[in-house]
Amino acid sequence: PNTPPTSKPMSGALRKKLQGYVGFANLPNQVHRKSVKKGFNFTIMVVGESGLGKSTLVNTLFNAPLYPPKEAVGLSQESPKTVGIQVLNTEIEENGVRLQLNVVDTPGFGDFINNEESWKPILETIESRFDAYLEQENRVNRSKITDTRVNACLYFIAPTGHSLKALDIEFMKRLHNKVNLIPVIAKSDTMTNEEVAAFKERILMDIAHHNIKIYHAQHYDCDDQETINETKDVMSKVPFAIVGSDKAVETSDGRVVRGRSYPWGTIEVDNEDHCDFVKLRQMLVRTHMEELREFTNDIHYENYRTEKLVGLGYQQDQTVFREIDPLAKLAEERALHEAKLVKMEQDMKSVFQQKVQEKEAKLTQSEAELYAKHKEMKDALEKQRLDLEEKKRRIEQGRPITPEKKKKGFGFANK
Ligand code: GDP
């Protein structure tokens, strides 16, 4: 009974049958305990013209007043001249599970007469967050990495009922390789069901036509049928037609719900017959938050990192990309580090040169000033000398001096 179950050599494809309970089936529970202890971190970005309901939706999604009321901020504030980046960090807790939620807002996007490069600051912030992560990964001590990478980007499409605007297409094309894009139709309560369906179809056609890759929630072989159906159901709603409201209202049959009241009835945010909010929340928060984080790390960040290394002159055989060779990784990291050192050195040199130039310019200026002062003094002395010589000559010749000169030099003559 102590002989091993098989004497064949080990092979990756061969699955051995255990002869009793060993205990590693408990591994998922160990991971569960550890991650609950550590807490979770999720960064969501919201992009869309102002007034499309971004802050309302974030408050509705997490059922918390994450955004301060607009009145408190002050509506009279001067509107920004460029697209800004605003970050809200909050820790929320549900049943003992802590979530560090970071919301990145992009006020000003699409609000100008010329919105041509509105996407640029947004792309820059996503990339700078990748850079910050990369930099931490390359440190000697990697025990405390702060992950601020953007895990999902909710893109708000205005409920026009037509098709995507040039700005929408430009933004999505620029960003789809950097972040998990989730398009949503804002304020969908302003459209009828038929209009929403037609608009969704048109948006999906535009997205396909422009080869834009939006986030696609996955299901796996190990998922049960119910989960697979749920995931498919969620994906069938993309782009999610949403309604946001963090206010409770009373329906005609006396229920108190989160929704929006109109003279003709109430739109309920949490009612799946009224909008896709529930499905969006299900995907984003309940079923696919971890997958969004995984995609960020394994696809978007990995691509960015590869591009960066290739940009530094490093080549990697794409076919063996996933097989990690520790030596190659070390060499990559070293190259990255060396490139950083070279850049630092260059930066320092240019700062030094700039400082020297500034100093030289200052010295030249003060030299010129000194010279001018010196000349001025010399001229004054020379004038004085000439005056005195003139006086002396006049005295010697016995000529009277002018009243002006009298007053100045020989006041006793008046006595
Ligand atoms: P933001 O500028 O994109 O953050 O937009 P806000 O969340 O401040 O919303 C702007 C206005 O639209 C507010 O008056 C909200 O009450 C309203 N609003 C937000 N969500 C919805 C929605 O789903 N439907 C409708 N009809 N109005 C909404």
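Residues numbered from 1 in each chain as written. Predicted model: local features only at pLDDT ≥ 70, side-chain atom pairs only at ≥ 80, totals over all residues.

(A) Local environment of the site of the ligand. Residues in close proximity to the ligand total 14 residues, the closest being Gly53, Lys54, Ser55, Thr56 and Lys187. When its residues are assigned to classes, the shell around the ligand shows two nonpolar, seven polar and five charged. (Near = placed C-beta within 6 Å. Nonpolar A, V, L, I, M, F, W, Y, C, P; charged D, E, K, R; others polar.)

(B) Geometry of the pairing of strand S2 (residues 86-94). Counting buried residues along S2, only zero of its nine residues qualify, which leaves the element largely exposed. Of the strand pairs in this sheet, S2 and strand S3 (residues 97-105) are connected by nine bridges, and their pairing is antiparallel. Note that in S3 the partner of Glu91 across the bridge is Gln100. Connecting the antiparallel pair S2 and S3 is a turn made up of two residues, with Asn95 showing a positive phi of about 45°. (Buried ≥ 20, exposed ≤ 12 C-beta atoms within 10 Å, placed from the backbone. Helix = DSSP H or I, 4+ residues; strand = E, 2+ residues; numbered from the N terminus. Pairing = 2+ DSSP bridges.)

(C) Inspection of the confidence of the model for the protein at higher detail. Looking at the protein as a whole, its pLDDT mean stands at 83, while 86% of the residues score no less than 70. Below pLDDT 50 for its whole length, residues 1-9 participates in four contacts with residues either more than four positions away or in separate chains. Confidence drops under a pLDDT of 50 for residues 410-415, and excluding neighbours within four residues, the segment shows two contacts in the predicted structure. The ipTM, which scores confidence in the relative placement of chains, is 0.97 for this predicted complex, and the corresponding pTM is 0.70. (pLDDT = per-residue confidence, 0-100. Contact = placed C-beta atoms within 7 Å.)

(D) Structural view of the sheet that holds strand S5 (residues 181-185). Strand order in this open sheet of six strands is S2-S3-S1-S4-S5-S6, and the pairing throughout is mixed. The open sheet terminates on both sides in strands that have one partner only, identified here as S2 and strand S6 (240-241). Looking at chain direction, strand S1 (residues 40-47) and S3 are connected through seven bridges and run parallel. Its bridge partner being in S3, Ile44 is matched across the sheet by Val103.

(E) Looking closely at unusual backbone geometry. For the bond running from Val238 to Pro239, omega is -10°, close enough to zero to count as cis. Looking at the element boundaries, Pro239 is found in the loop between helix H7 (225-235) and S6. A positive phi angle, near 45°, is found at Asn95, a position not held by glycine.

(F) Focus on the environment of Arg394. Along the chain, Arg394 turns up in helix H10 (residues 326-397). The spacing of Arg394 and Gly254 is 140 residues in sequence and 117 Å in space, taken between C-alpha atoms.

(G) Representation of the sheet that holds strand S9 (residues 265-268) in the model. The three strands lie next to each other as S7-S8-S9, forming an open sheet whose pairing is antiparallel. Edge positions in the sheet fall to strand S7 (248-250) and S9, since each has one partner strand and no second. Adjacent strand axes in the sheet meet at a mean angle of 60°, parallel and antiparallel pairs treated alike. In this sheet, S9 lies alongside strand S8 (residues 256-262) in antiparallel orientation, the contact comprising four bridges. Looking at the pairing, Arg260 lines up with Ile267 of S9. (Axes fitted to C-alpha atoms, helices over the stretch in contact; angles between N-to-C directions.)

(H) Here's a closer look at helix H4 (residues 119-137). The terminal C-alpha atoms of H4, which comprises 19 residues, lie 27 Å apart, in line with the 27 Å expected from a rise of 1.5 Å per residue. All buried positions along H4 are accounted for by Trp119, Ile122, Ile126, Arg129, Phe130 and Tyr133. Axial view of H4: buried residues confined to an arc of 105°, hence all on one face. In H4, those exposed residues whose orientation departs by more than 90 degrees from the buried face are Lys120, Glu124, Ser128 and Glu135. Contacts from the buried residues of H4 go to S1, helix H5 (166-175) and helix H9 (289-311). (Expected span 1.5 Å × (residues − 1). Arc of directions from axis to C-beta.)

(I) A look at H9. For H9, built from 23 residues, the straight-helix expectation of 33 Å at 1.5 Å per residue is met to within 8% by its first-to-last C-alpha distance of 31 Å. Considering bend angle alone, the principal kink of H9 is centred on Tyr301 and spans about 35°. Every buried residue of H9 is accounted for by Leu292, Phe295, Thr296, His300 and Tyr304. Buried-residue contacts for H9 involve H4 and strand S4 (152-157). (Bend = angle between axes of the 7 residues up to and from the residue.)

(J) Structural detail: the packing of H4 against H5. The N-to-C vectors of H4 and H5 enclose an angle of 20°; their axes lie 10 Å apart at closest approach. Viewed along their axes, H4 and H5 adopt a mutual orientation that is roughly parallel. As H4 runs across H5, the sense of the crossing is right-handed. Each of Trp119, Ile122 and Leu123 in H4 lies in contact with H5, whose residues at this interface are Glu170, Phe171, Arg174 and Leu175. When the residues that make up the contact of H4 with H5 are grouped by side-chain class, the tally is five nonpolar, no polar and two charged. (Parallel < 35°, antiparallel > 145°, perpendicular 65-115°, else oblique. Left-handed = near helix turned anticlockwise from the far one by under 90°.)

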